[in-house]
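Read off the chains here:
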Amino acid sequence: MEKHFTFREITDRNELKKAFRLRYEVYEQSRMQFLLTPNEAKMDLDVFDLHSRHFGFFHNHEIAGYIRIVVDRKSYFNSIVASIGLENHVFAPPKFIENNYAYNGEANFPFLSYAGAPIMLKLLY
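Since this is a predicted model, take the numbers as computed values, not measurements. (Residues numbered from 1 in each chain as written. Predicted model: local features only at pLDDT ≥ 70, side-chain atom pairs only at ≥ 80, totals over all residues. Heavy atoms only, no water.)

Enquirer: Give a description of the nonpolar core that names residues and reports values.
Expert: Membership of the largest hydrophobic core comes to 14 residues, with the highest contact counts inside it found for Ile10, Leu16, Phe20, Met43, Leu45, Val81 and Ile84. For this core, the secondary structure elements donating two or more residues are helix H1 (13–28) and helix H2 (79–87). Aside from chain neighbours lying at most four places away, what touches Val81 is Leu16, Phe20, Leu45, Asp49, Leu50, His54 and Phe91. (Core = buried A, V, L, I, M, F, W, Y, C linked by side-chain atoms within 4.5 Å. Buried < 20%, exposed > 50% of the residue type's maximum accessible area, 1.4 Å probe, protein only. Helix = DSSP H or I, 4+ residues; strand = E, 2+ residues; numbered from the N terminus. Contact = heavy atoms within 4.5 Å.)

Enquirer: I'd like a rundown of the sheet that holds strand S3 (residues 62–70), residues and numbers included.
Expert: Within the open sheet, the three strands sit side by side as S1-S2-S3. Their pairing is antiparallel. Strands with a single pairing partner mark the edges of an open sheet, and in this sheet they are strand S1 (5–9) and S3. The mean angle between the axes of side-by-side strands here comes to 15°, regardless of whether they run parallel or antiparallel. Inspection of the sheet shows strand S2 (residues 52–59) paired to S3 by eight bridges, in the antiparallel sense. Looking at the pairing, Gly56 lines up with Tyr66 of S3. Together, S1, S2 and S3 form the strand contacts of H1, whose direction differs from that of S3 by roughly 90°. (Pairing = 2+ DSSP bridges. Axes fitted to C-alpha atoms, helices over the stretch in contact; angles between N-to-C directions.)

Right, here's the structure in full:
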């Protein structure tokens, strides 16, 4: 059987869901599980995903690895991720997303000032 590997940006809704489930599974089994927000959908999504480009490593068209690149919240918003988070009750209602992540210009790491950033992440830094 020929092994086919690809690395590319994930823009498909179903592939994004699979990536978030893979991420949940990996965190659930790691020492970093305290960063995981348990949910019925078993998807790991956080506020940074709304402003991230998501990439997958695929083996025979199935996701085998994942990475995200967090970008400036003012320059990019991923509406597909927002709708996945809302429909799976991982994110708060739309008004929260509309007003998301008030930036405190004095923060050492601006992304840590986003509303909804896990407190454990702040403690980690």
